[in-house]
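Reading the structure
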Amino acid sequence: MNIFDHYLDKIIILIKKLNKEGSLELPESLNGINVDIPPLNFDCDISTNVAMVLSKANKKSSIDIANTLVGLIKDTDEKIETISVAKPGFINIKFKAIYWNNFIKNVNEDYKNFGVNIKEEKKKYLIEFVSANPTGPLHVGHCRGAILGDVISNILIFNKHDVSKEYYVNDYGNQIINFTKSVYFRIREILYNEKFPIENTDLYPGDYLVDIAKNITDLNNNLKFDKFDDVSKELTLLSVAESLKLIKTNLANLGIVHDKFTSETEIVINKEVEKVIEKLKQKNLVYKGKIKAPKADDDKNWVERDQLLFRSTDFGDDKDRALQKSDKSWTYFASDAAYHHNKLSRNYDLLINILGADHAGYIKRITSVVEALSGTKNKLICKVSQLVKLIKDGKPFKMSKRKGDYITVEDLISEVGKDATRFIMLNRSSDVELDFDFTKVKEKSKDNPLYYVQYCYARISSVFRHVNLDINKDLTIYEYNFNYSNDEIKILKKIAEWPKCIEAASLRLEPHRIPVYLYELSSEFHSYWNMGKENYSKRFINDKKKIPNEKLVFLKVISNVIKSGMTIVGVNTPEKM
């Protein structure tokens, strides 16, 4: 039950009726009309700006229009206790107690669908995330984007969309050649006691390569490792496969499972790059020309030459983009264009890419080529996951994938656990940097948001246990004739915001709204719980060791929303702490 949508519909029906009667003019669009949460200093439950939206079309002040509408709105709803006007024209509505009885009844009886945006058009999404080079285990730099993509998927699935989660395996190009050589030299080290060429900065010297090398040699006795060129093709397949095993294990330990892994090598072998280039040529979007040196390059060393270019500037990019290198091999962008053409061929309504902070500059070119290929603007949405700063003992950790001394996802999970990793990584908007402080994450206090939310659920569970009730079972209440206090209604109003939180998180692809909301709801609950220390009426268990029905269903709807939100975030709700 979305009370904001419900009253928005009622208000729009009313003003359309008035317009039909000739007493009210309507603007071309009614999209600007909102029913929202009023500021805390107003003694009301919901607020609408309808009068301000109608002011210009009717050539009247917002206050005058609001004063005309308030009586009509109240007459349409017997559950409204008071309705008033506040400058510059807001209409504020306060409900009778009976309204909250009906609200809590609806939420309890349909809790599985509470929060689902039934108005939102259901779509088919493909979400690509992580897509780290298969050259070793995931590090913390990948972790935030992985969780971001997974929870965006969960939100969309909760909202009844069709969602596929995909990992693009960049198993083609120089970095894979260097990775395979690194494994080859580790194998030579194991078999022939040869020193690994640590001085070669193109190689990956991490210790995890020793395990990969051992696994390959143990399972492939038929292979000879005398010359790299003789074994490179098969060794590449084996090395990438071993690396992907590590990555899939890392993801599984984070609670993440992809539906599909798509190989860049397969895209190239299947001539999909040539196909997409041909399609762009048919659209007159490919030509031979020269481009200026990238800003980061030294102009003196840059040699301008004819290149095969995509007309990215036709779609708002700052320059056209190269599709071929000087040796006539395809650029990474060309392969990526082919991959996105492959995505488009699978008939998704929307594509979503989760990109690391270092790929933010790549967004315009890839969205341009998707627009060119699909003929549709905003077919591809890119979300950037900003950097994570790890802090321990007041000092920052630093990472280097090349040197092998980086902090892995496994290191992080073993230090603070999956739940803390997921929850804290989502605790701020993905477009700002995040400080991940190991010490604070382990605190059992209000300053640790995960603990505070889980403690809320555990407290409610403890009340159910005291009266031998199972919090996981549906709760049946036959009569809803309660008289909730202002303190309880304050929490019910917070519950009422849950569908609005889901709506914003889904439409804007902003999953941080979920843990923020859960923390706010938990804070409201803990404050109420603490009131019970001095005020007997606030206690849940009475002197007969029972819970009155109004308190029981009150606790149940709070626990259901906490459980629902934590499931979306992908963390546990322990019943004991």
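Residues numbered from 1 in each chain as written. Predicted model: local features only at pLDDT ≥ 70, side-chain atom pairs only at ≥ 80, totals over all residues. Heavy atoms only, no water.

Before going further, it helps to spend a moment on the overall build of the protein chain. Regarding its fold elements, the protein chain presents 20 helices and 15 strands. Based on the C-alpha atoms only, the size of the protein chain along its principal axes is roughly 85 × 60 × 40 Å. Split into buried and exposed, the 577 residues of the protein chain put 52% on the buried side. Relative to all contacts within the protein chain whose residues are 6 or more apart in sequence, the contacts with residues 24 or more apart total 72%. When the accessible surface of the protein chain is split by element, carbon and sulfur atoms take 48% of a total near 28,600 Å². (Helix = DSSP H or I, 4+ residues; strand = E, 2+ residues; numbered from the N terminus. Buried < 20%, exposed > 50% of the residue type's maximum accessible area, 1.4 Å probe, protein only. Contact = heavy atoms within 4.5 Å. Areas by Shrake-Rupley, 256 points an atom, 1.4 Å probe, with all protein chains shown as cover.)

Once that is clear, we can look at the sheet that holds strand S11 (residues 350-356). Read from one edge to the other, the open sheet built from five strands follows the order S7-S6-S5-S11-S12, with strand pairing classed as parallel. With one partner strand each, in any of the chains shown, strand S7 (260-263) and strand S12 (380-385) form the two edges of the open sheet. Within the sheet, the average angular offset between the axes of one strand and its neighbour, ignoring direction, is 25°. Both strand S5 (residues 124-128) and strand S6 (residues 162-169) contribute to a ladder of five bridges, which runs parallel. Its bridge partner being in S6, Lys124 is matched across the sheet by Asp162. With respect to the sheet, helix H5 (residues 140-158) is in contact with S5, S6, S11 and S12, its orientation differing from that of S11 by roughly 155°. (Pairing = 2+ DSSP bridges. Axes fitted to C-alpha atoms, helices over the stretch in contact; angles between N-to-C directions.)

Our focus in this paragraph is the packing of helix H10 (residues 272-282) against helix H12 (residues 363-374). It is at 10 Å that the axes of H10 and H12 come closest, and there the two elements cross at 70°. For the element pair H10 / H12, the angle class is roughly perpendicular. In terms of crossing hand, the pair formed by H10 and H12 is left-handed. Each of Val276, Lys279 and Leu280 in H10 lies in contact with H12, whose residues at this interface are Val369, Ala372 and Leu373. (Parallel < 35°, antiparallel > 145°, perpendicular 65-115°, else oblique. Left-handed = near helix turned anticlockwise from the far one by under 90°.)

Along the polypeptide, His526 turns up in helix H19 (residues 513-531). According to the relative accessible area criterion, His526 is buried, its value standing at 1%. Ignoring sequence-local partners within four residues, the contact set of His526 consists of Tyr452, Tyr455, Cys456 and Arg459.

To continue, consider the packing of aromatic side chains. Using the criterion set out here, one finds 29 aromatic pairs in the structure. A ring pair is formed by Phe482 and Tyr484, whose centres lie 5.8 Å apart and whose planes are at 70°; its orientation type is edge-to-face. You'll find Phe482 and Tyr484 in the same group, each marked buried. In textbook terms, an aromatic cluster arises when at least three aromatic residues are bridged by ring pairs, as seen for Tyr480, Phe482, Tyr484, Phe525, Tyr528, Trp529, Phe540 and Phe554. (Phe/Tyr/Trp six-rings, centres within 6.5 Å; stacked < 30°, edge-to-face > 60°.)

With respect to the helices and strands, Asn117 occurs in the loop between helix H4 (97-109) and S5. Taking the relative accessible area as the measure of exposure, Asn117 reaches 7% and is therefore buried. At 3.3 Å, the side chain of Asn117 forms a polar contact with the backbone nitrogen of Glu120. With near-sequence residues (within four places) excluded, Asn117 lies in contact with Lys122, Asn159 and Glu503. (Polar contact = N/O pair within 3.5 Å; in protein donor to acceptor, adjacent residues only side chain to side chain.)

This part is about the sheet that holds strand S4 (residues 90-95). With respect to topology, four strands assemble into an open sheet ordered S1-S2-S4-S3, the strand pairing being antiparallel. At either end of the open sheet lies a strand with only one pairing partner, and these are strand S1 (35-36) and strand S3 (80-86). Inspection of the sheet shows S1 paired to strand S2 (residues 46-48) by two bridges, in the antiparallel sense. Bridged to Asp36 within S2 is Ser47. Strands S3 and S4 of the sheet are contacted by helix H3 (residues 62-75), whose axis makes an angle of about 175° with S3.

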